[in-house]
Each structure stands twice: as C-alpha cells, then as structure tokens.
Amino acid sequence: MTAKTKRATRTKLGTSKPKTRKLASNAKSYRSSSTQAKKSGNTVKRIGGTTKRASTSSKTIKRTVKDFMHKGILLMKPTDSVQNAAQKMNEKNNGCVFINENERISGVVTARDIVTRGVSKGKNLEALRLKDIMSAKILYCFEGDSLEQAAKSMAKNHIHRLPVLNKSKKLVGLLSLGNIALHSGSKAKKTVKTTKTTKAVSKKRK
C-alpha cells in the first residue's frame, strides 16, 4: 500500500467517528426526554419521529335519574279490582301500580296500601276498586334531574318511590331506593347514603 493510499484510508476512518458520536448523542437525548415525561406523570407516545405528550385529565360524567330509573311500570284503570292489581304486581315483581285516567296519572297504589287499606280491614279484594285505596297525591321527578336531587326529595317527603316523567310530562319510569342502592358509587358510600335516605323516609311514615 502506498503512502498516498494509507493517508486516504486514515482520513476516511477519521470522518466516521463524529457520526457515531452524533447518533449516540441523539439516543441519549431521546432517553432523557422520555424519562422526564414519565416523571411528570404524562404518557409519552413516539409518532413520526417526534415525542407527544397525552393528557391524563378526564371529565366527570353527570348521571341523571334516567340512568337509574326502572322502566317496567304498571298502569291500570281506577275501576280495576285490587285483586287483579295485586296479581299483576306479583307477576311483574313490581311494588306499585299507577292509576291511568284520561291519559293522565291520577293516583298510585302500593303493596303497602293493599295490606293496610284492604287486607287488614277484611275487605273483599275482588270487589274493592283501586280508586277506593289509591293515593291521589303524587310527587314526581323528571328524567333529566340529578340523582342527588331526587334522593333528597324522597327523604324530605318520606317516600320510597318517585314516578319519572319526560319533558312532555309522560310517565316513562320509576325511581326507587333500590335503584339508588344498586347503581350508585362504591359499596361503602352506597351503604351510607342508602341507609341515611331509608331512615329519613321511614322516620314519619305511618
């Protein structure tokens, strides 16, 4: 090998070293940026040769009565017998029946009403009509109301159930203490809230 060829070889080998150092420097810089991003609590994604940070913030979804209500409601006429209503309530596993009169809700009869106003007084349930034992005063809520607002209303008025209406004031569901207990929060939080509401409801209930 001639002296000229040896100088050319040394020159070529010498120019490759800075490139190696540059690649190592880039890798070190990327590792450093990834470590810093992880420490700050952000997720790091490598897309198209650039580093992007994804936000870890999340939005709280507001739950309404519509998300918790029971849609299986019973509607009957005021002239229907209490015996028939009791059978339907048993078949559908429902605790109450709403009285539908002229396309509007005029009253409600619960299983407790049947016992206290019918059975305990020795009345003939076949001859007894729903209009004879129904409660005409009905408190209700709207499907867009918050669950907390509906629960407070139940506690304040000492009731276990609230009929749910839509914007057109049409009956679309029923909200009960059972619905709230079944679907709300953690087990500990659920037990405390339901117990407080149940005690408030039962406090002055006859």
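Here is a short report on the structure shown in this document. What you see is a predicted model, and the numbers here were worked out from it, not measured in a lab.

Re the overall build of the protein chain
Scanning the protein chain from terminus to terminus reveals seven helices and eight strands. Buried positions account for 27% of the 206 residues belonging to the protein chain. A sequence separation of at least 24 residues applies to 50% of the contacts in the protein chain between residues at least 6 apart. Split by element, the accessible area of the protein chain, about 14800 Å² in all, is 52% carbon and sulfur.

Remarks on the sheet that holds strand β4 (residues 96-101)
Spatially, the three strands line up as an open sheet ordered β3-β4-β5, and their pairing is mixed. Either end of the sheet is taken by a strand with one partner, and the two such strands are β3 (75-76) and β5 (104-110). Direction of pairing for β4 relative to β5: antiparallel, over a ladder of six bridges. Bridge pairing in β5 places I99 opposite G107.

Side note on the sheet that holds strand β6 (residues 141-142)
The mixed open sheet is built from three strands, whose spatial order is β6-β7-β8. In this open sheet, the two edge strands, each paired with only one partner strand, are β6 and β8 (171-176). Strand direction decides the pairing type here: β6 and strand β7 (residues 161-165), joined by two bridges, are parallel. For F142, the partnering residue across the bridge sits in β7 and is L165.

Overview of the packing of aromatic side chains
Enumeration according to the criterion identifies one aromatic pair in this entry. Seen in terms of ring centroids, Y140 and F142 are 5.7 Å apart; in terms of plane orientation they differ by 90°. Their pairing is edge-to-face.

What about the side chain of S176?
In this fold, S176 is placed in strand β8. Leave out the neighbours within four places in its chain, and S176 touches M154, H160 and R161.

Description of the pairing of β5
The element β5 is largely enclosed, with a buried count of five among its seven residues. Hairpin geometry of β4 and β5 is characterised by an intervening segment of two residues between the two adjacent antiparallel strands and by a positive phi of about 55° at N102.

Points about the environment of D145
For D145, the location among the structural elements is in the loop between β6 and α5 (147-157). The spacing of D145 and R63 is 82 residues in sequence and 8.9 Å in space, taken between C-alpha atoms. In this view, D145 contacts T64 and V65; residues no more than four positions away in its chain are not counted. From its side chain, D145 meets the backbone nitrogen of F142 in a polar contact 2.9 Å long.

What counts and what doesn't
- Within each chain, residues carry numbers counting from 1 in the order of the written sequence.
- In keeping with the predicted nature of the model, local features appear solely for residues at pLDDT of at least 70, side-chain atom pairs appear and are counted solely at 80 or more, and the whole-chain, interface and lining totals rest on all residues.
- Excluded from the side-chain calculations are hydrogens and water; all other atoms, namely the structure's heavy atoms, are used.
- A helix here means a DSSP run of H or I that spans at least four residues, while a strand means a run of E at least two residues long, and both kinds are numbered starting from the N terminus.
- Residue burial is assigned from relative accessible area. The probe radius is 1.4 Å, only protein chains are included, and a residue is buried under 20% of its type maximum, exposed over 50%, and partly exposed in between.
- We call two residues in contact when some of their heavy atoms are within 4.5 Å.
- Note on areas: Shrake-Rupley with a 1.4 Å probe; residue coverage comes only from the protein chains shown.
- A pair of strands is labelled paired if DSSP reports no fewer than 2 bridges between them.
- We call Phe, Tyr and Trp rings a pair once their centres come within 6.5 Å, taking the six-membered ring for Trp, and we label the pair stacked below 30 degrees between planes, edge-to-face above 60, and tilted otherwise.
- Any pair of nitrogen or oxygen atoms within 3.5 Å is treated as a polar contact; in protein, a donor-acceptor pairing is required on top of that, and neighbouring residues in sequence qualify only through side-chain atoms on both sides.

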